[in-house]
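Residues per chain, in single letters:
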Amino acid sequence: MWEPEFLADGETPTASKINTIMSGARDYVNDLDRYALRRGAVNRIISPHIIPAGTPAVVQHSATSAHTYSDAVFLASLRYNAIGTNGGAASGVTNTGDRAVIGHNSSGGAVAADATISLNSGTGYTVDSDGSSASMVKAIYCMFNCAVINVVDPSENVLVMMCLQYLNGPTWYTLPHTERWVDVKTRRLSPTTSTERVGVDVPIRTLITEEDTIERGSGNTIEGVRAMVSLEDSTATNSVLHLGSFRLSVVPLLCSVTASRS
Amino acid sequence: MPTLTYPGYYPLTGTASGAQLHDLFYDPSSPNASLAMLNGRLDGGNFTTTFELEQLHTQRGSVVTAFGSSANANIDYRAQVFGGFEFGATDPFEFPTLAGEQKFYIPGGNVTAFFPYETTILLVMFTVYWNAHTPDADNMSSIFLHVDGTVVQDMARNVSNTAPLTGTEVDNYSTNYGYKKARAFHGHFVSPATSPLGANLLSGGWHTVGLGIMADPGVKMTRIHARDIVVMAFKSSGS
């Protein structure tokens, strides 16, 4: 603790003596450290968080009735082509690619929203392995659930596929490791009654990192995430898929936060 | 925190006059050049602009906290306990409204915890495995997620008859146990956005998040097997 010096009573206040006293005061203040500050003296409001403002982003549909998918949505064959095929039908587009966005049903209008999420108003987040990008987002955690009610198909040999895709530039890239398959037929009590409700849920959880974008050969800015559905129908008959409730949640994760000046 | 450095002052020369002494302490024409600085001009500018928040700047549990629960003891619910709930027979794809009906919270699938702060984002992940025995496919047993009793509509899943494997099925599946159509439901929930909670924040205090069950009275028996739930509460930026 610094204690001030004083001139003795009657002593001449020469410049030299005053300078000495003031130099001591200055040095003390310059040595001020955090312990000498009153608690909160230099505080400003900082909100620590690990999720960027405006997120997580969620799109969901509560099914009071099924939404259906038939030839009008997929290619005419309804046929799933190959693992990891990019693109597919978006809302309002028919017969493109081998998969369609969930919510883009055949009849139209029955589903409140497509399972599509735009991140950061379309600008997206750049996922860097070292978190060096301005967005500081290192990974994007995605969670998806969807109820498969049944597949009405005379051939019976149908598999339902669901997967997640991310948007970079003009292309929606499939994350191959998120492709999930459901064999509906073996889940029915009655193998001959294709209208029987099976109601199985398809859960997908994944973390999109820079490594995923390298594997897909895309840029590492994730501008959107969406959930897709397709059918593998070996006999290419008139399959009709019925889906129920779904929820897609996307949570960007910050690796560090820069304090903002206020 | 960076080192604090204050401007110097002008040392006096010769014999100090009263005016010089006054300006030494406070020079109205150049306050920063006088000892008026000692009055404290410390402010946010003393922080470096590249200052980054790291783990050491936060207290444990001050930003996010988590709770969990699990159980694997089977629980049977008999038909008599589910009064009043009827699935429609005309629409085979109908899902229950889950409103105003008899429902039960599942022990081991619920978390009642004290949230130490107002929560901006609630993240829930859960898994439940269950089956049911019913006389026809329209009699459903439904599992749903709730937050303080408010049902998350899109996190409800139904199951009808889950018959034990019999006859050739046993041979085909090479097993003599298990239930055909028994259901594993690994669901999730994130708020806010489109949720029954809307854009509202969960206040600090006690909350219950978990799984519930309801069934058509026609369901003879429905059985909960293993279940677990994890709840993460992220602090609001404003509290």
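What counts and what doesn't
- Residues numbered from 1 in each chain as written.
- Chains lettered and ligands numbered in written order.
- Predicted model: local features only at pLDDT ≥ 70, side-chain atom pairs only at ≥ 80, totals over all residues.
- Heavy atoms only, no water.
- Helix = DSSP H or I, 4+ residues; strand = E, 2+ residues; numbered from the N terminus.
- Buried < 20%, exposed > 50% of the residue type's maximum accessible area, 1.4 Å probe, protein only.
- Contact = heavy atoms within 4.5 Å.
- Areas by Shrake-Rupley, 256 points an atom, 1.4 Å probe, with all protein chains shown as cover.
- Pairing = 2+ DSSP bridges.
- Axes fitted to C-alpha atoms, helices over the stretch in contact; angles between N-to-C directions.
- Salt bridge = Lys/Arg side-chain N within 4 Å of Asp/Glu carboxyl O.
- Phe/Tyr/Trp six-rings, centres within 6.5 Å; stacked < 30°, edge-to-face > 60°.
- Core = buried A, V, L, I, M, F, W, Y, C linked by side-chain atoms within 4.5 Å.
- Polar contact = N/O pair within 3.5 Å; in protein donor to acceptor, adjacent residues only side chain to side chain.
- Disulfide = S-S within 2.5 Å.

Peer 1: Now, about the overall build of chain B: what can you tell me, with residues and values included?
Peer 2: Check the secondary structure of chain B and you find 2 helices and 10 strands. Of all 239 residues assigned to chain B, the portion counted as buried reaches 44%. Considering only contacts in chain B between residues 6 or more positions apart, those separated by 24 or more positions represent 79%. Of the accessible surface of chain B, which amounts to about 11,500 Å², a share of 53% is contributed by carbon and sulfur atoms.

Peer 1: Give a description of the sheet that holds strand β4 (residues 104–115) of chain B that names residues and reports values.
Peer 2: All names here are of chain B. Reading across the sheet, the 4 strands line up as β4-β9-β6-β7 and stay open at both edges, with antiparallel pairing between neighbours. Whereas interior strands pair on both sides, the edge strands pair on one side only; in this sheet they are β4 and β7 (150–159). With direction set aside, neighbouring strand axes in the sheet form an average angle of 15°.

Peer 1: I'd love a proper account of unusual backbone geometry, names of residues and values included.
Peer 2: All names here are of chain A. A positive phi angle, close to 55°, is found at Asn 120, a residue other than glycine. Mapping Asn 120 onto the fold places it in the loop between β4 (116–118) and β5 (125–126). Asn 120 gets classed as partly exposed once you look at its relative accessible area, which sits at 35%. One non-glycine residue, Ser 121, lies in positive phi territory at about 55°. Within the secondary structure, Ser 121 is located in the loop between β4 and β5.

Peer 1: Before we move on, could you go through the environment of Gln 80 of chain B and cite the residues and values that matter?
Peer 2: Relative to the assigned elements, Gln 80 of chain B resides in the loop between β3 (75–78) and β4. Residue class for Gln 80 of chain B comes out exposed when judged on its relative accessible area of 71%.

Peer 1: Tell me about the pattern of salt bridges, residues and numbers included.
Peer 2: All names here are of chain A. Summed over the entire model, instances satisfying the criterion amount to 7 salt bridges over all chains. Notably, a salt bridge pairs Arg 99 with Asp 98, separated by 2.9 Å at the nearest N-O pair. Judged on exposure class, the residue Arg 99 and its partner Asp 98 are both buried. Among the salt bridges present, the one from Arg 99 reaches Glu 179, with a minimum N-O distance of 3.0 Å. Of this pair, Arg 99 sits in the loop between β2 (67–69) and β3 (100–101) while Glu 179 is found in the loop between β8 (171–174) and β9 (180–183), placing the two residues 80 residues apart along the sequence. Accessibility expressed as a relative area gives 0% for Arg 99, which makes it buried. Residue class for Glu 179 comes out buried when judged on its relative accessible area of 8%. Overlapping salt bridges, with partners in common, bring together Asp 98, Arg 99 and Glu 179 in one network.

Peer 1: Quick one: what's the story with the packing of aromatic side chains, residue by residue and with numbers?
Peer 2: According to the stated counting rule, one finds 6 aromatic pairs over all chains in the structure shown. Ring centres of Tyr 166 of chain A and Tyr 173 of chain A lie 5.4 Å apart, and the angle between their planes is 25°; on these two criteria the pair is classed as stacked. Overall, Tyr 166 of chain A belongs to the buried group, its relative accessible area being 0%. A relative accessible area of 13% means that Tyr 173 of chain A is categorised as buried. Aromatic side chains Phe 126 of chain B and Phe 185 of chain B sit 5.1 Å apart centroid to centroid with 90° between the ring planes, which places their arrangement in the edge-to-face category. Taken together, the residues span a long stretch of sequence, with Phe 126 of chain B in strand β5 (residues 119–133) and Phe 185 of chain B in strand β8 (residues 183–190) at a distance of 59 residues. In this structure Phe 126 of chain B comes out as buried when scored by relative accessible area, which is 0%.

Peer 1: Can you lay out the pairing of strand β6 (residues 137–152) of chain A for me, pointing to particular residues and giving the numbers?
Peer 2: Residue and element names in this part refer to chain A. Buried residues dominate β6, accounting for 14 of its 16 residues. Both β6 and strand β13 (residues 240–254) contribute to a ladder of 13 bridges, which runs antiparallel. Among the inter-strand pairings, Ala 139 is bridged to a residue of β13, identified as Leu 253. Pairing geometry for β6 and strand β10 (residues 200–208), over 9 bridges, is antiparallel.

Peer 1: Outline the nonpolar core, listing residues and values.
Peer 2: Ranked by internal contacts, the top residues of the largest apolar core, which has 42 residues, are Ile 102, Ile 140, Phe 144, Val 160 and Met 162 of chain A. Contributing elements (two or more residues each) for this core: β1 (57–61), β6, β7 (158–168), β10, β12 (224–233) and β13 of chain A. When residues in this core are grouped by element, the largest group, 7 residues, is from β6 of chain A. Core analysis: the next-biggest nonpolar cluster, separate from the first, contains 31 residues, Val 111, Val 209, Ile 213 and Ala 233 of chain B among them.

Peer 1: So what's going on with the side chain of Thr 213 of chain A? Residues and values would help.
Peer 2: Residue and element names in this part refer to chain A. Take Thr 213: it is sitting in helix α2 (residues 210–216). By relative accessible area, Thr 213 is classed as buried at 1%. At a separation of 2.6 Å, a polar atom in the side chain of Thr 213 contacts the main-chain carbonyl oxygen of Glu 210. Excluding residues that lie within four positions of it along the chain, Thr 213 makes contacts with Tyr 166, Ser 218, Gly 219, Asn 220 and Ile 222.

Peer 1: Any chance you could break down the pairing of β13 of chain A for me, citing the residues and the numbers?
Peer 2: Residues and elements named next belong to chain A. Burial runs high along β13: 13 of the 15 residues are buried. In terms of strand pairing, β1 meets β13 through 5 bridges, oriented antiparallel. Residue Ala 57 lies in a different strand from β13, and its bridge partner there is Val 250. Where β2 lies against β13, 3 bridges are found, and the strand directions are antiparallel. Residue His 67 lies in a different strand from β13, and its bridge partner there is Leu 243.

Peer 1: Describe the state of the cysteines, listing the residues and the values that go with them.
Peer 2: Residues and elements named next belong to chain A. Applying the stated rule across the entire model yields 0 disulfides over all chains. Sulfur of Cys 146: no disulfide; nearest cysteine sulfur belongs to Cys 163 and is 12 Å away. On the accessibility criterion, Cys 146 (0% relative accessible area) is buried. Cys 163 takes part in no disulfide bond, and the closest cysteine sulfur, belonging to Cys 142, lies 12 Å away.

Peer 1: Outline the side chain of Ser 141 of chain B, supporting the account with residue identities and numerical values.
Peer 2: Residue and element names in this part refer to chain B. Mapped onto the fold, Ser 141 is located in strand β6 (residues 141–147). In this structure the side chain of Ser 141 is engaged in a polar contact, spanning 2.9 Å, whose partner is the side chain of Thr 222. Setting aside residues up to four positions removed in sequence, Ser 141 forms contacts with Trp 130, Ala 132, Arg 157, Asn 158, Val 159, Ile 213, Met 214, Ala 215, Val 219 and Thr 222.

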